Protein chains: 2
Amino acid sequence: MVIGFERVSGTGHAITAIDPRTGERLGPEYRYGGDAEVGRACALAEEAFDAYRATSPQERAAFLDAIAGKLDGLADVLVRRATSESGLPEARLTGEVARTTGQLRLFAGDLRSAQAGAGGAVLSVDPAGDGGPEIRQGRVPLGPVVVFGASNFPLAFSVAGGDTAAALAAGCPVIVKAHDAHPGTCELVGRAVSEAVREAGLPEGVFSMLYGDGPTLGIALVTDPRVQAVGFTGSRTAGLAIAKAAAGRPRPIPVYAEMSSVNPVFLLEDALAERGAELAGEYAGSLTLGAGQFCTNPGLVFAVKGTDLDAFLGTAAKAVEADPGAPMLTPGIARAYAEGVERLERHPGVEILARGREPDAVAGCRAALAAVDAGDFGPELETEIFGACSLVVRCDGLDQMIALARGLEGQLTATIHGGGEPAARLLPVLERLAGRILWGGWPTGVRVGHAMVHGGPYPATSDARTTSVGSLAIERFQRPIAYQGVPR
Amino acid sequence: MVIGFERVSGTGHAITAIDPRTGERLGPEYRYGGDAEVGRACALAEEAFDAYRATSPQERAAFLDAIAGKLDGLADVLVRRATSESGLPEARLTGEVARTTGQLRLFAGDLRSAQAGAGGAVLSVDPAGDGGPEIRQGRVPLGPVVVFGASNFPLAFSVAGGDTAAALAAGCPVIVKAHDAHPGTCELVGRAVSEAVREAGLPEGVFSMLYGDGPTLGIALVTDPRVQAVGFTGSRTAGLAIAKAAAGRPRPIPVYAEMSSVNPVFLLEDALAERGAELAGEYAGSLTLGAGQFCTNPGLVFAVKGTDLDAFLGTAAKAVEADPGAPMLTPGIARAYAEGVERLERHPGVEILARGREPDAVAGCRAALAAVDAGDFGPELETEIFGACSLVVRCDGLDQMIALARGLEGQLTATIHGGGEPAARLLPVLERLAGRILWGGWPTGVRVGHAMVHGGPYPATSDARTTSVGSLAIERFQRPIAYQGVPR
């Protein structure tokens, strides 16, 4: 564990990483921390807060750049370790290092240009007048932030991932609960961040990282009175437990939990007629990418029945059958995926159109493509099956498609293929459904930029008023404040 | 009641307004609505939402201006009725009409200039590139909003008050639960808004107003699945009940509850030495203004012991003793105030320095000034006593003052009088405490402008990341959304 500038070993339960390709245990052993470590990390974070938030945006920008520089320097080691721990391909993880450092540098740039109120910029001013003094609006950081990383992005949504970068940019100390599925990657990144804190001359409590059990150590962090906000990416069960614990505190705090999404795609008739085969190939590609382990995986597709849809499904089925499969992140995730597909198979209305090949991995994912008639579609088929599985809903017409869209749960993304009046009718429905609307393209692949929104209505996230990716993420860890007559 | 374009009478419990000056019942009788009215108002709001949010910012600006125009036209009638219902002075209510219309016009101006993302403006753009399409960030309104007005601002925080204006500006239909203490004022304003909806050619569900019991009709509104956000100003008990009900929904929604604040004022030694007498007069004025019935009333003052403080207290005591008193908003509020002051009197460490005169009113408020030594100060003395009561905490020195400030609950405002190093040390502590920091001046009197923040950490409000006054209030009823490749 990393507690401020100290390297600490826990005394609790021991975990080791497992290579999901081979089932091999990867040393070393990591031991869980307990109340003492939580208390120490929170005390240091609280102690560091005032000094850290008093840093200038330029100083914080330099600090974020320094973290990015350290990760660049570690890229080979990181990719190697993350590959063994996650089973994700090297190329993907190389890209993920770049995404992680790109995110840190994006926020550093935002701080330098004081975009979006980052770093205590003055957002608006009412000049003195009518006997009243000047009023300036700025933003203050919330306080120490706890970040729970995700298994599926061992770098970009983990120790130095989006929430950590945003909280540090905002002026908040961060305590990360390391993910059990990639403890070694966490250690490498955690040490790098801690070194960057030291080299920047910042107080040690700006960053800590603990190993521990979610329901005990995780909840202890969330309920510590010194913690002022929580970022989480993971399962709905865990996200809701965290949100509940935070709401039950004597002083509740915001929780940004990204939980689940099936990212509906709407294939309109014109698109299927014009470029059905091409779309089918893209669909299978988006669906099977990284064993489907993306929060933006296209898990649900709506299209109108007919020969164009039949042709689309035929082409997509062939592509899915040809998919070689891939290892999943953990044996537990592979098990949950297999059970999810079995449940789907047993559903009376669902037809399995294609299964991919069985991969050569202990924890492997066989892709699955299924279809159901709209009349047989129900909420039980909306549940995310994390992995390369997607369900196509055959609709009788546009009206039925729109009616089904209206009934869906909140989503991270919603995608339209097609145009004209059908698209125009669908768009406002999707604006109520999702945090990001795509017109063409596929939802996997979240661009890290100023305008991105990676969030959406409940239960995609616990708070739709924010994003976990993009410049606006910095504001989730700040609040507005007015200075009345306060000298500049 | 106003349900869309219909005027409806309820069939439940009957209420009448009471003139708190005389105890006289004021006709007519208003009857509570029930589930049927809640269902009808919510159905209309949901029906209206898509069409209303599709209006242009310019159309919504014209609509807000039209409401303001109607209130201007009604000003005399409104002031007369509100004076009888609230016991507040005519001059104050005349000012409140102007504040209410000013707020509507401020937001109309924001919509026209598309400030702060109001009205679906594009907030940021990542241009197309690297094979990826353009991504634009905008804001979409959340959906139908329920507004609970406050008793102490029968216009500016009621039917067409801040939350209603902000929600309408944001593109959300509004359902107001009318306040029992000023039902006639509510009726006048509710009808005016409904007429403005009709004249603007908007769908009738854009605005409804119901009379009803908070724990039944109020909670039924909050838990209706069509409602997507709640604005509330009132007591902590009611605010927390609403927040709990909203969090317990199958799909939780944001609640913006402004609940209670004692608005600590810190009198530093230099300020007391230089202009103690002047400050004492201002303090007594701020404290007794409107019978102290302001959420920004200075209920708690911290100062360092000594002859300057003694002189300050002597002058303030004289001013408070000379205060003629005033009627309070309702007999219930007057009773709660009297009980609060009695509790304070019974507290072993508290000394009552002065009581104001007994006013000639059934529900009157006698001002109270009390003091306590810092050693005897505890959380039980932090509870807001709604009315013209304030407690001065005598500190041994600046360190003790700062230590006490650190331990306070979240506040709407915090005020410093004085300068130099003591002020510089205090400022960062207050930044963690409050939504608005004043350097000089007194917290009563919230300027409606672009930069105002009327909000603050829990329990001052249930959500510190927003404001109920000022341009930023529009955003509380919107969420960010990204459009990827969507044609403009």
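Source: prediction; values computed, not measured.

Quick notes on the rules
Residues numbered from 1 in each chain as written. Chains lettered and ligands numbered in written order. Predicted model: local features only at pLDDT ≥ 70, side-chain atom pairs only at ≥ 80, totals over all residues. Heavy atoms only, no water. Contact = heavy atoms within 4.5 Å. Buried area = accessible area lost by both parts, 1.4 Å probe. Salt bridge = Lys/Arg side-chain N within 4 Å of Asp/Glu carboxyl O. Polar contact = N/O pair within 3.5 Å; in protein donor to acceptor, adjacent residues only side chain to side chain. Helix = DSSP H or I, 4+ residues; strand = E, 2+ residues; numbered from the N terminus. Nonpolar A, V, L, I, M, F, W, Y, C, P; charged D, E, K, R; others polar. Pairing = 2+ DSSP bridges. Phe/Tyr/Trp six-rings, centres within 6.5 Å; stacked < 30°, edge-to-face > 60°. Lys NZ or Arg CZ within 6 Å of the ring centre and 35° of its normal. Axes fitted to C-alpha atoms, helices over the stretch in contact; angles between N-to-C directions. Least-squares fit on C-alpha atoms with pLDDT ≥ 70 in both. Buried < 20%, exposed > 50% of the residue type's maximum accessible area, 1.4 Å probe, protein only. Right-handed = clockwise from strand over helix to strand, strands pointing away. 1 Å grid on protein atoms, 1.4 Å probe; cavity = no way out; pocket = protein on both sides within 12 Å on 5 of 7 lines; lining within 4 Å. Points joined across faces, edges and corners; volume = space filled by probe spheres on them. Core = buried A, V, L, I, M, F, W, Y, C linked by side-chain atoms within 4.5 Å. Arc of directions from axis to C-beta. Parallel < 35°, antiparallel > 145°, perpendicular 65-115°, else oblique. Left-handed = near helix turned anticlockwise from the far one by under 90°.

> Just to check I follow, could you spell out the interface of chain A and chain B for this structure?
When the parts of a complex come together, some accessible area is lost, and that lost area is often used as the size of the interface. Contacts between chain A and chain B engage 58 residues on the former and 58 residues on the latter. Sorting the residues of chain A by area buried against chain B places Arg432, Arg447 and Arg465 of chain A first, and these three jointly supply 15% of that buried surface. On the surface where chain A and chain B come into contact, there are eight salt bridges. The salt bridge involving Glu431 of chain A is made with Arg53 of chain B; its shortest N-O contact spans 3.2 Å. Where chain A meets chain B, there are 38 residue pairs in polar contact (both at pLDDT 80 or more). Counting only elements with at least two residues in the side of chain A that touches chain B, the list comes to α1 (35-53), β5 (124-126), β6 (135-141), α12 (398-407), α13 (420-431), β20 (434-439) and β21 (478-484) of chain A. Among the elements that take part in the side of chain A that touches chain B, β21 of chain A stands out by supplying seven residues, more than any other. Partitioning the side of chain A that touches chain B into residue classes produces 32 nonpolar, 11 polar and 15 charged. Two strands pair when backbone bridges link them, and β20 of chain A and strand β21 (residues 478-484) of chain B are joined in this way by three bridges, in the parallel orientation. Considered in β21 of chain B, the bridge of Arg436 of chain A is made with Ala482 of chain B.

> Is there a simple way to think about the packing of aromatic side chains in this case?
Given two aromatic rings, one states the distance between the centres and the angle between the planes to describe the pair. Following the criterion strictly, the structure yields 20 aromatic pairs over all chains and no others. Relative to Phe63 of chain A, the ring of Tyr52 of chain A lies with its centre 6.1 Å away and its plane at 80°, an arrangement referred to as edge-to-face. Of the two residues, Tyr52 of chain A is situated in helix α1 and Phe63 of chain A in helix α2 (residues 57-73); the sequence distance between them amounts to 11 residues. A cation over an aromatic ring shows up here: Arg92 of chain A above the ring of Phe153 of chain A, its NZ or CZ 4.5 Å from the ring centre. If you follow Arg198 of chain B out to its NZ or CZ, it ends over the ring of Phe5 of chain B, 4.6 Å from the centre.

> Help me out: how do you make sense of the sheet that holds strand β9 (residues 207-210) of chain B in this one?
Sheets are built from strands paired through backbone hydrogen bonds, the pairs being either parallel or antiparallel. All names here are of chain B. Spatially, β2-β1-β9-β8-β7-β10-β11 is the arrangement adopted by the seven strands of the open sheet, whose pairing is mixed. Pairing within the sheet leaves two strands with one partner each, and these edge strands are β2 (6-7) and β11 (255-258). Pairing of strand β8 (residues 174-177) with β9, which is carried by four bridges, proceeds in the parallel orientation. Residue pairing across strands places Lys177 opposite Leu210, the latter belonging to β9. On top of the sheet, helix α4 (residues 162-170) reaches β7 (145-148), β8 and β10 (229-233); it is set at about 170° to β8, its chief contact.

> Where do I start with the relation of the copies chain A and chain B in this structure?
For the pair of chain copies, the relating operation is a rotation around an axis with a shift along it. If you rotate chain A by 180° and push it 0.0 Å along the axis, it lands on chain B with an RMSD of 0.0 Å. These values place the two chain copies in the arrangement generated by a two-fold rotation axis. Using C-alpha coordinates, one finds that chain A approaches the rotation axis most closely at Ala247 of chain A, a distance of 4.2 Å. Of the interface residues in chain A, 100% have counterparts in chain B that sit at the interface too, so the contact is made through matching surfaces.

> Even after reading the chapter, I still don't get the pairing of β9 of chain B, so can you show me in this structure?
On a regular strand, one side chain projects to one face of the sheet and the next to the other, so that they alternate. Residue and element names in this part refer to chain B. Because side chains alternate across β9, one face comprises the buried residues Phe207 and Met209, and the other comprises Ser208 and Leu210, equally buried. Bridge count between strand β1 (residues 2-3) and β9: two bridges; the pairing is antiparallel. Along β9, the bridge assignment pairs Ile3 with Ser208. Taking the sense of rotation as the criterion, the β-α-β connection linking β8, helix α5 (residues 183-199) and β9 turns out right-handed.

> Help me understand empty space enclosed by the protein in this model?
By rolling a water-sized probe across the atoms, one finds the places where empty space is left. Going through the model one piece at a time under the given rule, you end up with six cavities of 30 Å³ or more. Empty space within the largest cavity amounts to approximately 330 Å³. In this structure, the largest cavity is lined by 18 residues; those nearest its centre are Arg465 and Glu475 of chain A together with Arg139, Arg465 and Glu475 of chain B. Taken as a whole, the second largest cavity holds about 70 Å³ of empty space. Surrounding the second largest cavity, 13 residues form its lining, Tyr256, Ala257, Glu258, Thr461 and Arg476 of chain B being those nearest its centre. Those elements giving two or more residues to the lining of the second largest cavity turn out to be β10 and β11 of chain B. In terms of residues, the lining of the second largest cavity owes the most to one element, β11 of chain B, which gives three residues. Grouping the constituent residues of the lining of the second largest cavity by class yields three nonpolar, six polar and four charged.

> Before we go on, may I ask you to explain the nonpolar core in this structure?
Side chains of a nonpolar character, in soluble globular proteins, are inclined to be buried together. Ranked by internal contacts, the top residues of the largest apolar core, which has 154 residues, are Phe302 and Phe377 of chain A. Ignoring any residue separated from it by four or fewer positions in sequence, one finds Phe377 of chain A in contact with Leu300, Phe302, Val372, Glu382, Leu391, Val393, Leu404 and Leu408 of chain A. Among the nonpolar cores identified, the runner-up in size contains 153 residues, and Met209, Val262, Tyr283 and Ala405 of chain B belong to it.

> Sorry, what's going on with the sheet that holds strand β10 (residues 229-233) of chain A here?
Residues and elements named next belong to chain A. One open sheet accounts for seven strands, arranged β2-β1-β9-β8-β7-β10-β11; its pairing is mixed. Of all the strands in the sheet, the pair left with one neighbour each is β2 (6-7) and β11 (255-258). Relative to strand β8 (residues 174-177), strand β7 (residues 145-148) is paired through four bridges, and the arrangement is parallel. In the strand pairing of β8, Phe148 is matched with Lys177. In this fold helix α6 (residues 183-199) packs onto β1 (2-3), β2 and β9 (207-210), with an angle of close to 160° to the strand it touches most, β9.

> Honestly, helix α11 (residues 398-407) of chain B in this entry has me stumped. Any pointers?
Residues and elements named next belong to chain B. Residues Leu398, Met401, Ile402, Leu404 and Ala405 constitute the buried set of α11. The buried side chains of α11 occupy one side of the element, clustering within an arc of 160° when seen end-on. Opposite the packed face of α11, turned more than 90 degrees from it, sit the exposed residues Asp399 and Arg406. Along its buried surface, α11 packs onto β12 (265-267), β13 (300-304), β18 (389-395) and α12 (420-431).

> Please explain the packing of α2 of chain A against α6 of chain A as it appears in this structure.
Between two packed helices, both the angle of their axes relative to each other and the distance between the axes serve to describe the pair. Residues and elements named next belong to chain A. Running from N to C, α2 and α6 point in directions that differ by 140°, and their axes come no closer than 9 Å. Overall, the two elements α2 and α6 adopt an arrangement that is oblique. Our pair here, α2 against α6, has a crossing hand that is right-handed. Listed contacts from α6 to Phe63, Ala66, Ile67, Lys70 and Leu71 of α2 are Val189, Ala192, Val193, Glu195, Ala196, Val197 and Glu199.

> Honestly, unusual backbone geometry in this entry has me stumped. Any pointers?
Residues and elements named next belong to chain A. Pro28 follows Gly27 through a cis peptide bond whose omega is -10°. On the secondary structure map, Pro28 appears in strand β4 (residues 25-31). Phi at Asn263 takes a positive value of approximately 50°, unusual for a residue other than glycine. For Asn263, the location among the structural elements is in the loop between β11 and β12 (265-267).

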